[in-house]
Amino acid sequence: PRVGKSTFMLNSAINGCLMSNAKALIFSLEMNNCELGKKIISAESNVAYETINKGTATEYEWNNMNEKINDINKYPLLFHDKAGLSINQIKMISRKYKKKEKIDIIYIDYLQKIKPSKQNKVREQEVSEISSDLKNLAKDLDVPIVVLAQLSREVDKRPDKKPILSDLRESGAIEQDADVVIFIYRPAVYKIYFDADNNDITNKAMLLVEKNRNGREGAVTLDFHGSISKFE
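For the structure given in this document, a descriptive report is provided here. Being a predicted model, the structure only gives us computed values, none of them experimental. (Residues numbered from 1 in each chain as written. Predicted model: local features only at pLDDT ≥ 70, side-chain atom pairs only at ≥ 80, totals over all residues. Heavy atoms only, no water.)

## Topic: the pairing of strand 7 (residues 218-225)
One face of the sheet, then the other: side chains in a regular strand alternate in exactly this way. Direction of pairing for strand 6 (residues 204-212) relative to strand 7: antiparallel, over a ladder of six bridges. Across the sheet, the residue bridging to Leu208 is Ala219, located in strand 7. Two successive antiparallel strands, strand 6 and strand 7, enclose a turn made up of five residues. Relative to strand 8 (residues 230-231), strand 7 runs antiparallel, the two being bridged by two bridges. Paired with Phe224 across the bridge in strand 8 is Phe231. Taking the residues between adjacent antiparallel strands as the criterion, strand 7 and strand 8 are bridged by four residues, where Ser229 takes a positive phi near 55°. (Pairing = 2+ DSSP bridges. Helix = DSSP H or I, 4+ residues; strand = E, 2+ residues; numbered from the N terminus.)

Below, the structure written as structure tokens:
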């Protein structure tokens, strides 16, 4: 929680729009469309999310937001914010959008919020089924599916707080099914503000590529601007 998964998802979707006009279908099982919209406006206009939420923007900020909203309205982003969707519903909706809208990529926020097709007493088996179904859906539709997932609390017990593959919550199937696993690590979440060389890392984020079936593994460092919902 609080590392910026949803923000990273939205930033990625927007970058896909701008760089290759990729049409994205975004399932948001936690936040509604209004919240997502405000996050996108914040990131694109560089006006703080809190300012937008409270309606306390200056005239300059309002003008900047209005200008950006005209651009945002042209982005090929499709949102589905109904909570409590089952994996079967997600499959049905995705197939409909693929046929009708020719979507290029699907984002889901987040895996543990998806309901299984049938209830099972063992949660791990439910998550495994969901993970497997999403893998098959990606192959059937021939589109990448980016799925956000929560981690177990084991990461909090580790001195450096860096996540590893075994932290994937409730199922080893996620690690098995995923072509790529990327963790977001922000030291400031754990009140770590300086690295070993005393460099200020308060606004730094690391993308830890822990699994990459068709490429290299490693780490990428980004700047994180929480107030405007943006990684750079």
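## Structural notes on the pairing of strand 1 (residues 24-28)
In terms of burial, strand 1 is largely enclosed, as five of its five residues are buried. Here strand 1 shows no split at all, with Ala24, Ile26 and Ser28 on one side and Leu25 and Phe27 on the other all buried. Two elements, strand 1 and strand 2 (residues 77-80), share four bridges in a ladder whose sense is parallel. Paired with Phe27 across the two strands is His80, which belongs to strand 2. (Buried < 20%, exposed > 50% of the residue type's maximum accessible area, 1.4 Å probe, protein only.)

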